[in-house]
Amino acid sequence: LIQHTIRKEFAGTTILAIAHRLNTIIDSDKILVMDAGRDKEFASPKALLDNEASDFSAMVTETGAENAEYLRNIAMERDAKESQARLLEESRREEQKRAAARLREEAMKRKKDSERHQLEKYLLYKQNKALQLQQQKLQEEKSKSLTRAKSASCVVCYHSIDLIALLPCGHRCV
């Protein structure tokens, strides 16, 4: 109960546990085996147990066949959970990378669409300016033609862009 509470309440923190019972520490992330105040081994429980020559593996074996098997199973289960958690984390990171790539791609598409839209607006603006200049020139030509027609006693008709003058003699002057 105490071990369970400590693991639950202090999850995600570093706990330095000095223990004489292997059951207390077997599900730790790392184990430091010391002898005469010096470190001898430091690794995950599974890594230490996989090395049959390690002092930690020898200590587990000394607890008796049944308890040793129990402790080894706990270490293997913890390692399997850690491996699964790493795979899930890697999968999550890969998905985040894919999502970020999709967002970058969408942003680039929007930027290109925006640039295309700006270009289209600019081209329309230029076309409108050209039409305005053309209409202005046409208006000036009409004014000049009206002035000439009045002095020549002609009737001038305008149909869209074409300029047609009806002369008093009945002939058309374009």
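Residues numbered from 1 in each chain as written. Predicted model: local features only at pLDDT ≥ 70, side-chain atom pairs only at ≥ 80, totals over all residues. Heavy atoms only, no water.

**Student:** Report on the overall build of the protein chain, specifying residues and quantitative values.
**Tutor:** A tally of regular secondary structure across the protein chain gives five helices and five strands. Along the protein chain, helices (α) and strands (β) appear in the sequence α-α-β-β-α-α-α-β-β-β when read from the amino end. Considering the protein chain as a whole, with its 174 residues, one finds that 16% of them fall into the buried category. Sequence-distant contacts, at least 24 apart, represent 23% of the contacts inside the protein chain between residues at least 6 apart. As displayed, the protein chain has an accessible area near 14,400 Å², and 56% of this comes from carbon and sulfur atoms. (Helix = DSSP H or I, 4+ residues; strand = E, 2+ residues; numbered from the N terminus. Buried < 20%, exposed > 50% of the residue type's maximum accessible area, 1.4 Å probe, protein only. Contact = heavy atoms within 4.5 Å. Areas by Shrake-Rupley, 256 points an atom, 1.4 Å probe, with all protein chains shown as cover.)

**Student:** A description of the environment of Asn67 should follow, citing residues and the corresponding values.
**Tutor:** As for its placement among the helices and strands, Asn67 is situated in helix H5 (residues 65–151). Spatially, the C-alpha atom of Asn67 lies 9.0 Å from that of Asn23, the residues being 44 residues apart in sequence.

**Student:** Tell me about the confidence of the model for the protein chain, and please be specific about residues and values.
**Tutor:** With 84% of its residues at a pLDDT of 70 or more, the protein chain shows a mean pLDDT of 85. When the criterion is pLDDT under 50, residues 154–167 qualifies, and its contacts beyond four places in sequence or with other chains add up to 33 contacts. In this model, residues 169–174 is a region of pLDDT below 50 whose contacts with residues beyond four sequence positions or in other chains number ten contacts. (pLDDT = per-residue confidence, 0-100.)

**Student:** Any chance you could break down the pairing of strand E1 (residues 31–35) for me, citing the residues and the numbers?
**Tutor:** Where E1 lies against strand E2 (residues 38–43), five bridges are found, and the strand directions are antiparallel. Counterpart to Val33 in the pairing with E2 is Glu41. The turn linking E1 back onto E2 is made up of two residues, and Ala36 within it adopts a positive phi angle of 55°. (Pairing = 2+ DSSP bridges.)

**Student:** Give a description of the nonpolar core that names residues and reports values.
**Tutor:** In this structure, Leu22, Ile26, Ile31, Leu48, Leu49, Phe56 and Val60 are the most contacted members of the largest nonpolar core, which totals 14 residues. In terms of residue count, the dominant contributor to this core is H5 (four residues). Leaving out residues up to four positions away in the same chain, Ile26 has contacts with Pro45, Leu49, Phe56, Leu71, Ile74 and Ala75. (Core = buried A, V, L, I, M, F, W, Y, C linked by side-chain atoms within 4.5 Å.)

**Student:** Lay out a nonpolar patch on the surface with the relevant residues and their values.
**Tutor:** Residues Ile2, Ile6, Phe10 and Ile15 make up a contiguous nonpolar surface patch of roughly 390 Å² in combined accessible area. Among the structural elements, Phe10 can be located in the loop between helix H1 (2–9) and helix H2 (22–25). (Patch = residues over 30% accessible without salt bridge, like charges linked within 9 Å, V, L, I, M, F, W, Y side chains within 5 Å. Salt bridge = Lys/Arg side-chain N within 4 Å of Asp/Glu carboxyl O.)

**Student:** Can you explain the environment of Thr61? Please cite residues and give values.
**Tutor:** Structurally, Thr61 can be placed in helix H4 (residues 55–62). In this structure Thr61 comes out as partly exposed when scored by relative accessible area, which is 46%. Considering only alpha carbons, one finds Thr61 and Arg72, eleven residues apart in sequence, at a separation of 9.5 Å. Setting aside anything within four residues of it in sequence, one finds Thr61 in contact with Ala68 and Arg72.

**Student:** Before we move on, can you summarise the side chain of Ser57 with the specific residues and values?
**Tutor:** Inspection of the secondary structure puts Ser57 in helix H4. In this view, Ser57 contacts Leu48, Leu49, Asn51, Glu52 and Arg72; residues no more than four positions away in its chain are not counted.

**Student:** Help me get a handle on the pattern of salt bridges, residues and values and all.
**Tutor:** If the charged atoms of two oppositely charged side chains come close together, the side chains can form a pair. Within the structure shown, the criterion is met by 14 salt bridges. Glu94 is the partner of Lys97 in a salt bridge, and the nearest nitrogen-oxygen pair spans 3.6 Å. Of this pair, Lys97 and Glu94 both sit in helix H5, three residues apart, which is roughly one turn of the helix. Judged by relative accessible area, Lys97 falls into the exposed class, the value being 52%. Through salt bridges with shared partners, one network takes in Asp29, Arg78 and Glu82.

**Student:** Got a sec to walk through unusual backbone geometry? Specific residues and values, please.
**Tutor:** Positive phi, normally seen in glycine, also occurs at Ala36, with a value near 55°. Within the secondary structure, Ala36 sits in the loop between E1 and E2. In this structure Ala36 comes out as exposed when scored by relative accessible area, which is 76%.

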